[in-house]
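Structure assessment
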Amino acid sequence: MRCRFCETPLDEVFLDLGSAPPSNAFLAAADLNAPEMHFPLRLFTCQACHLVQVDEVQKHDALFSNDYVYFSSYSRTWLAHAQRYVARATERLALDRDSLVVEVASNDGYLLQYVQDLDIPCVGIEPTSNTAAVARARGIETLSRFFGRSFAQEFVAHRRTADLVVANNVLAHVPDINDFVSGLSLLLAPEGTATVEFPHLLQLVSQSQFDTVYHEHFSYLSFHTTQQIFAAHGLRIWDVEELPTHGGSLRLWACRSDSTRRETEAVAAMLAREAAAGMFDMDFYRGFQALADAIKDDFLSFLIDCKRKGKQVVGYGAAAKGNTLLNYAGVRADLLRYVVDASPHKQGRYLPGSRIPVVAEAAIRESRPDYVVILPWNLRDEITRQLAYVSEWGCRFATAIPSMGIG
Ligand SMILES: [Zn+2]
């Protein structure tokens, strides 16, 4: 097995979470009598470029179920993030009615709706048909294609290059990172900018966010590794910002290597910060397993203790993060009775692996649990505000990461 960027043989295990089903493989009631496909969930660190990546074995069609159930527009926090981004990017790059914005993985149009509001031409690229259909219903041109080199060549030949390519929260999820970044480079106008956002590997390690690991999350990126990958495909990073999303993300602003754009001071500062944290050295990547195990053990102890005391524990947020934690810890419905999720596409189904039922929020008022475990800890504030009423019967909130906390 070789590094998906630089092809150096991989032999350093970063984290081994055993095996689990794909995080989006929610089950219908009828599926509960059938077996489930599990795949190893193991990450390696490349000793040459420090790209942390999932095992090659994950290249399996079963990981990409058509039954994709994530609609970005169901999270208010996420919509606000997208709206702020559009305001900032369009102003910073002075985009207008003659510009073109292309978003890769445009989902249900959660972001491009704000570009459209400004009368700036835009095109979304979204291979998942049910989310793309929602975007089209909003009047956003959406192409149901996979993005990469061949798409970009074809698009530029028939249409034009883009002044802004938005690829937020997709880079870490593409199996062929070279093909994807090469596509970004080809799609950009000579003075155009591409922005990418991804969870920062520095935060993953320092905040023990091992539950952000799942099969469809192929790459775990640092700034210095991403800079190498971009440079290999003719792109230069001219600015970097830190964002609170997904527990600490980076937003990179990249242009073609031959662009006249000048780099901000943030670029050198981020490299210095990663160097100071030890990210240029393999020792940084070792020892993460012990951190993950300690969190898993504490979480299980909490659940078992609650069960023995007759306390009812439920979960909130049927996202990938929760599935990684629950499956690694071997939690089942006897320890976590149900998980609430706002998405009607998940309600009435069961979490992959753990087979815990997913229900609507009304269940909380009915069953009056003692604890609500917030699985997407990055949305903790939003969720605790929304569920503030549970204090009426003395229910408390719990999170497992970065360490077991009860509030
Ligand atoms: Zn590598």
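Our subject in this report is the structure included herewith. Note that the coordinates shown come from a computational prediction; the quantities given were computed from them, not determined experimentally.

The protein atoms donating to the zinc ion are Cys3 (SG), Cys6 (SG), Cys46 (SG) and Cys49 (SG), with metal-donor distances spanning 2.2 to 2.3 Å. Viewed at the metal, the four donor atoms of the zinc ion are separated by angles of 99 to 121 degrees, and the geometry they form is tetrahedral. Going along the chain, you hit the donors of the zinc ion in the pattern C-x2-C-x39-C-x2-C. You can see Cys6 sitting in the segment before strand S1 (12-20) and its partner Cys49 sitting in the loop between strand S2 (39-45) and strand S3 (52-54), a full 43 residues away along the chain. For Cys6, a relative accessible area of 29% gives the class partly exposed. On the basis of relative accessibility, which here comes to 1%, the residue Cys49 falls in the buried class.

With that out of the way, let us pick up the nonpolar core. With 48 residues, the main nonpolar core has Phe14, Leu201, Phe210, Phe299, Val331 and Leu336 as its most contacted residues. Elements with a minimum of two residues in this core: S1, S2, S3, helix H6 (201-206), helix H9 (288-308), helix H10 (320-329) and strand S15 (371-374). Ignoring any residue separated from it by four or fewer positions in sequence, one finds Leu336 in contact with Leu303, Val313, Val314, Gly315, Leu326, Val331, Ile356 and Val373. Within the second largest apolar cluster, 44 residues are counted, among which are Phe155, Leu171, Leu184 and Val196.

Relative orientation of the contacting elements helix H4 (residues 149-158) and helix H5 (residues 177-187) amounts to 15 degrees, with a least axis distance of 7 Å. As the angle between them shows, H4 and H5 are arranged roughly parallel. In the crossing of H4 with H5, the sense of the turn from one axis to the other is right-handed. Here H4 contributes Arg149, Ala152, Gln153, Phe155 and Val156 to the contact with H5, which in turn contributes Asp179, Ser182, Gly183, Leu186 and Leu187.

Spanning 21 residues, H9 covers 31 Å between terminal C-alpha atoms, matching the ideal 30 Å at 1.5 Å per step. Turning to H9, its buried residues number three or more, namely Phe288, Ala292, Ile295, Lys296, Phe299, Leu300, Phe302, Leu303 and Cys306. The arc that holds every buried residue of H9, seen down its axis, measures 155 degrees, which confines them to one face. Pointing more than 90 degrees away from the buried face of H9 are the exposed residues Ala290 and Arg308. Following H9 by one or two positions, Gly310 adopts a phi angle in the positive range, close to 75 degrees.

Further remarks concern the sheet that holds strand S10 (residues 235-243). Strands sit in the order S6-S5-S4-S7-S8-S11-S10 across an open sheet of seven strands; the sheet is mixed. Of all strands in the sheet, those with a lone pairing partner are strand S6 (142-143) and S10, marking the two edges. Looking at chain direction, strand S4 (residues 101-104) and strand S7 (residues 162-168) are connected through three bridges and run parallel. Looking at S7, one finds that Val102 is bridged to Val165. Of the strands in this sheet, strand S8 (188-199), S10 and strand S11 (249-256) touch helix H7 (residues 223-232), which is tilted by about 155 degrees from S10.

So, about the packing of aromatic side chains. Counted by the stated rule, this structure contains nine aromatic pairs. Note on Phe147 and Phe151: the rings are 5.8 Å apart at their centroids and 55 degrees apart in plane angle, and the pair reads as tilted. For the residue pair Phe147 and Phe151, the accessibility class agrees, reading buried in each case. Ring centres 5.7 Å apart and planes at 25 degrees place the aromatic pair Phe151 and Phe155 in the stacked group. On the criterion of helical spacing, the pair formed by Phe151 and Phe155 is a turn pair, its members being four residues apart in helix H4. Here Phe151 and Phe155 have matching classes, each one buried. Among the aromatic residues, those joined into a cluster by ring pairs are Phe147, Phe151, Phe155 and Phe180.

The six strands are arranged S14-S13-S12-S15-S16-S17 in an open sheet whose pairing can be described as mixed. Only two strands of the sheet have a single neighbouring strand rather than two, namely strand S14 (358-359) and strand S17 (405-406). Two elements, strand S12 (residues 313-316) and strand S13 (residues 339-340), share two bridges in a ladder whose sense is parallel. Within S13, the residue paired with Tyr316 across the bridge is Val340. Contacts from H9 reach S12, S15, strand S16 (396-399) and S17, with the element oriented near 160 degrees to S15.

Looking now at unusual backbone geometry. Cis geometry is found at the peptide bond from Ile401 to Pro402, where omega equals 10 degrees. As for its position among the elements, Pro402 is in the loop between S16 and S17. Even without being glycine, Asn107 reaches a positive phi, approximately 50 degrees. Position of Asn107 relative to the elements: it lies in the loop between S4 and helix H2 (112-117). Among the residues examined, Asn107 registers a relative accessible area of 7% and is labelled buried. Phi at Ser208 is positive, roughly 55 degrees, even though this residue is not glycine. Relative to the assigned elements, Ser208 resides in the loop between H6 and strand S9 (219-220). Among the residues examined, Ser208 registers a relative accessible area of 9% and is labelled buried.

What counts as what
Residues numbered from 1 in each chain as written. Predicted model: local features only at pLDDT ≥ 70, side-chain atom pairs only at ≥ 80, totals over all residues. Heavy atoms only, no water. Donors = N, O, S within 2.8 Å, 3.2 Å for Na, K, Ca; no water. Tetrahedral: all angles 85-135°; square planar, octahedral: opposite > 155°, others 65-115°. Helix = DSSP H or I, 4+ residues; strand = E, 2+ residues; numbered from the N terminus. Buried < 20%, exposed > 50% of the residue type's maximum accessible area, 1.4 Å probe, protein only. Core = buried A, V, L, I, M, F, W, Y, C linked by side-chain atoms within 4.5 Å. Contact = heavy atoms within 4.5 Å. Axes fitted to C-alpha atoms, helices over the stretch in contact; angles between N-to-C directions. Parallel < 35°, antiparallel > 145°, perpendicular 65-115°, else oblique. Left-handed = near helix turned anticlockwise from the far one by under 90°. Expected span 1.5 Å × (residues − 1). Arc of directions from axis to C-beta. Pairing = 2+ DSSP bridges. Phe/Tyr/Trp six-rings, centres within 6.5 Å; stacked < 30°, edge-to-face > 60°.

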